[in-house]
Amino acid sequence: MTKHAYIPRTTNYTLNPGDELNDLRMSDQVRSLYDHVRKFIRETVEPMSIEFAKAGEGKQDRWSFTPKQIEVLEVAKNKAKKEGLWNFFLPDDETGQGLKNLDYAYIASELGKSPLASETMNCSAPDTGNMEVLERVGTKEQKEKWLKPLMNGEIRSAYVMTEPNVASSDAKNISTTAKLVGDEWVINGEKYYISGVGDPRCKILIVMVKTNPDAAPSKQQSQILVPRDTPGVEVLGPMYVFGQDHAPRGHMHMRFNNVRVPKENMLLGEGRGFEISQLRLGPGRIHHCMRTIGKAEKALDLMVQRGLTREAFGKKIAHLGGNMQIIAQARCEIEAMRLMVLKAAKAMDVLGNKEARVWVSMVKAMVPERACKIIDQSIQMHGATGISHWTPLAEMYQDVRHLRFADGPDEVHWMVVGRHELSMA
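Criteria and cut-off values
Along each chain, residue indices are assigned from 1 in the same order as the chain's sequence is written. In keeping with the predicted nature of the model, local features appear solely for residues at pLDDT of at least 70, side-chain atom pairs appear and are counted solely at 80 or more, and the whole-chain, interface and lining totals rest on all residues. Side-chain numbers come from the whole structure's heavy atoms, not from hydrogens or water. Runs of H or I in DSSP of at least four residues are treated as helices and runs of E of at least two as strands, each being numbered from the N terminus. Here the globule rule is a power law, 2.2 Å times the number of residues to the power 0.38, and the radius of gyration is based on C-alpha atoms. Accessibility throughout is a Shrake-Rupley quantity obtained with a 1.4 Å probe, and a residue counts as covered only by protein chains that appear here. For the charge count, each Lys or Arg is scored as positive and each Asp or Glu as negative, with His and the chain ends excluded. Note that the charge is assigned to NZ on lysines, CZ on arginines, CG on aspartates and CD on glutamates. By convention in these notes, a salt bridge is any Lys or Arg side-chain nitrogen within 4 Å of a carboxyl oxygen on Asp or Glu. UniProt positions are given in the numbering used here, feature names are shortened, and annotations may be inferred rather than shown by experiment. Put simply, the grid is 1 Å and covers the protein atoms alone, a cavity is a trapped set of points that fit a 1.4 Å probe, a pocket is an open set with protein on both sides within 12 Å along at least five of seven lines, and lining residues have an atom within 4 Å of a point. Grid points are joined across faces, edges and corners, and a volume is the space filled by probe spheres set on the points. Classification used: nonpolar for Ala, Val, Leu, Ile, Met, Phe, Trp, Tyr, Cys and Pro, charged for Asp, Glu, Lys and Arg, polar for all others including Gly. Fitted lines through C-alpha atoms give the axes, limited to the stretch in contact for helices. The angle between two N-to-C directions lies from 0 to 180 degrees. Any angle from 65 to 115 degrees is called roughly perpendicular, while one under 35 is roughly parallel, one over 145 is roughly antiparallel, and all others are oblique. Should the near helix be turned anticlockwise from the far one by less than a right angle, the crossing is termed left-handed; should it be turned clockwise, right-handed. Note on definitions: a residue-residue contact is assigned when non-hydrogen atoms from the two residues lie within 4.5 Å. Disulfide: a pair of cysteine sulfur atoms within 2.5 Å of each other. For the purposes of this section, nonpolar cores are sets of buried Ala, Val, Leu, Ile, Met, Phe, Trp, Tyr and Cys residues that join through side-chain atoms within 4.5 Å. Note on classification: 1.4 Å probe, protein chains only; a residue is buried when its accessible area is under 20% of the maximum for its type, exposed when over 50%, partly exposed between these limits. Bear in mind that the domain bounds are from an automatic or database domain assignment. Accessible area, probed at 1.4 Å, shrinks when two parts are joined; the buried area is that loss added up over both. The term polar contact refers here to a pair of N or O atoms within 3.5 Å; inside protein, the definition further demands a hydrogen-donor-capable atom paired with an acceptor-capable atom, and it admits residues adjacent in sequence only when both atoms are side-chain atoms.

J.: A description of the overall build of the protein should follow, citing residues and the corresponding values.
T.: Looking only at helices and strands, one finds 11 helices and nine strands in the protein. For 425 residues, the compact-globule estimate of 2.2 N^0.38 gives 22 Å, and the C-alpha radius of gyration of the protein, at 23 Å, lies within 12% of that figure. Each principal axis of the C-alpha atoms in the protein carries an extent, and together these give about 75 × 75 × 45 Å. Total accessible area on the protein is roughly 20,900 Å²; 53% of this is exposed by carbon and sulfur atoms. Between the averaged position of the 57 positive side-chain charges in the protein and that of its 53 negative side-chain charges there is a distance of 3 Å.

So, in structure tokens, the structure goes:
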């Protein structure tokens, strides 16, 4: 029998104690900001969230906010802005806090624990990704008209890509068209699961379209700014997520019927839609994962609290069956996810968004799946209460489960990681 020597592959995952990618510490100068954010969430956002929910009870129009809700939210936003807790996600010193992705990962984990924390500090999706696109590639006029009010928290926005009639996970399939007629782009097509369009404050859309079907596959797509109130922009109704319409923001089914916008509304240039997508989705995908760590942590906190305060069959629930091991494994999973997300964030800081793509795909595929399992286990330990409105767990489960589709399904991200691994064979 012939023996073959094992020859290890050369990969870029080899542990190197001197590699900058393995230094996952928060910057010293950001620590005080991190502590400030935690304090602000505890003392301002959490009490405001209760008041915000009460202010919306009994409203007649589900697709609106009551004046009291807007008032309560604006008071908290103005306080956050006054205290310098605003636009953390933008890396540019002039427009944001100038944070590195690694530093923001620590802060975003805290934001993920409270549903209104991100919006209160103007760090909500999809605005974060849209603002980053406008900040990076927008013209002076586009920035003045749309980026400025977004950064001031005066309006909301939406990113319009997914389509019902094609496999949108392969963006080359996008079929909504934009044709240049004179000095205007004329847009026709159908989109769905467009998050945030139901929000009455949503004023601007970034729409992925096909502008040149005869170009190379990666040059056929473009992204165009479309004001929400443009004639021909039709909202057909909300898409439901696990039976919920998530009003008033919603995830909308839309149609573009000969929608006309000035040719100056093109972002970056015709045929550069894929380029913008990578610019936008790299940070956006990892921001979701950062916040999901916070949700998983909250689910474990609720699991432990429930397990130690309820008894059955003469024992605390935490000590029944395999619950002790479930709690222990949840902690291990959270710490593993946290380290992976921190390393992906550091890779973006060190290598750049494009080169860090494989790291981002790793966490985007891994984190929602594992966090969803932890939330599910917390639901189980709560019994029927876990799927009710008495805990935030059911809503958290819906949110994290849908992330396995948002910004690309699991399978696409696993494919990116697997393809990269095979390329090093």
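J.: So what's going on with the pattern of salt bridges? Which residues, and what values?
T.: Considering all chains together, one arrives at 31 salt bridges under this definition. Note that Lys39 and Glu43 form a salt bridge whose closest N and O atoms lie 3.0 Å from each other. With Lys39 and Glu43 both in helix α1 (residues 31-55) and four residues apart, the pair spans about one turn of that helix. Salt bridges sharing partners connect three or more residues here, namely Glu119, Asp127, Arg156, Asp199, Arg201 and Arg249.

J.: How would you explain the UniProt feature "domain: Acyl-CoA oxidase/dehydrogenase middle" (unreviewed entry) in the protein if you had to name every residue and give the values?
T.: In the numbering used here, UniProt assigns the "domain: Acyl-CoA oxidase/dehydrogenase middle" (unreviewed entry) feature to residues 158-258. The annotated region residues 158-258 carries 0% helix and 50% strand content, and the separation between its end C-alpha atoms amounts to 19 Å.

J.: Which residues make up empty space enclosed by the protein, and what values do they have?
T.: Across all of its chains, the model carries three cavities of 30 Å³ or more by this definition. Around the largest cavity, the lining residues are Lys77, Glu119, Asn122, Cys123, Ser124, Asp127, Gly153, Ile155 and Arg156. Of the residues belonging to the lining of the largest cavity, the class tally is two nonpolar, three polar and four charged.

J.: So what about the packing of helix α9 (residues 357-382) against helix α10 (residues 393-402)? Which residues, and what values?
T.: For the pair α9 and α10, interaxial distance at closest approach is 9 Å and the crossing angle is 160°. When the interaxial angle is binned, α9 and α10 end up roughly antiparallel. By crossing handedness, the relation of α9 to α10 is classed as left-handed. Across from Pro368, Ala371, Cys372, Ile375, Asp376, Ser378, Ile379 and His382 in α9, the residues of α10 making contact are Leu393, Met396, Tyr397, Val400 and Arg401.

J.: If you had to explain the state of the cysteines to someone new, which residues and values would you point to?
T.: Counting across every chain of the model gives zero disulfides. Unpaired in this structure, Cys289 has its nearest cysteine sulfur neighbour in Cys372, at a distance of 13 Å.

J.: Mind laying out the layout of surface pockets, listing which residues take part and the relevant values?
T.: Considering only enclosed or pocket space, the second largest pocket measures out at about 220 Å³ in volume. Sorting the residues of the lining of the second largest pocket by element identifies α1 and α7 (273-309) as the ones contributing at least two each. Among the residues forming the lining of the second largest pocket, the class breakdown is one nonpolar, no polar and seven charged.

J.: Tell me about the nonpolar core, residues and numbers included.
T.: One recurring pattern in soluble globular proteins is that nonpolar side chains are buried together. The biggest cluster of nonpolar side chains holds 92 residues, and the ones touching the most others in it are Phe88, Tyr104, Ile107, Leu111, Met121 and Met337. Among the elements that line this core, the one with the most residues is α9, at 13 residues. Beyond its immediate chain neighbours, meaning those up to four positions away, Ile107 contacts Val30, Leu33, Tyr34, Val37, Phe88 and Leu99. Of all hydrophobic cores here, the second largest spans 20 residues; its members include Ala178, Cys202, Leu205 and Val261.

J.: Give a detailed account of the domain arrangement of the protein, specifying residues and quantitative values.
T.: Under the domain assignment used here, the protein contains domain 1 (23-125), domain 2 (156-267) and domain 3 (274-424). Centre-to-centre separation of domain 1 and domain 3, based on C-alpha positions: 21 Å. Summed over both partners, the interface of domain 1 with domain 3 comes to about 1,500 Å²; 63% of that surface belongs to carbon and sulfur atoms. It is Leu24, Asn101 and Lys113 that lose the most area in domain 1 upon contact with domain 3, and together they represent 36% of the buried surface on that side. In this structure, the connection of domain 1 to domain 3 is made through zero salt bridges. Seen at the junction of domain 1 and domain 3, the total is four residue pairs in polar contact (both at pLDDT 80 or more). Ranked by the residues each element gives to the side of domain 1 that touches domain 3, the list is headed by helix α3 (residues 101-111), at seven residues. For the side of domain 1 that touches domain 3, a count of residues per class yields nine nonpolar, four polar and three charged.

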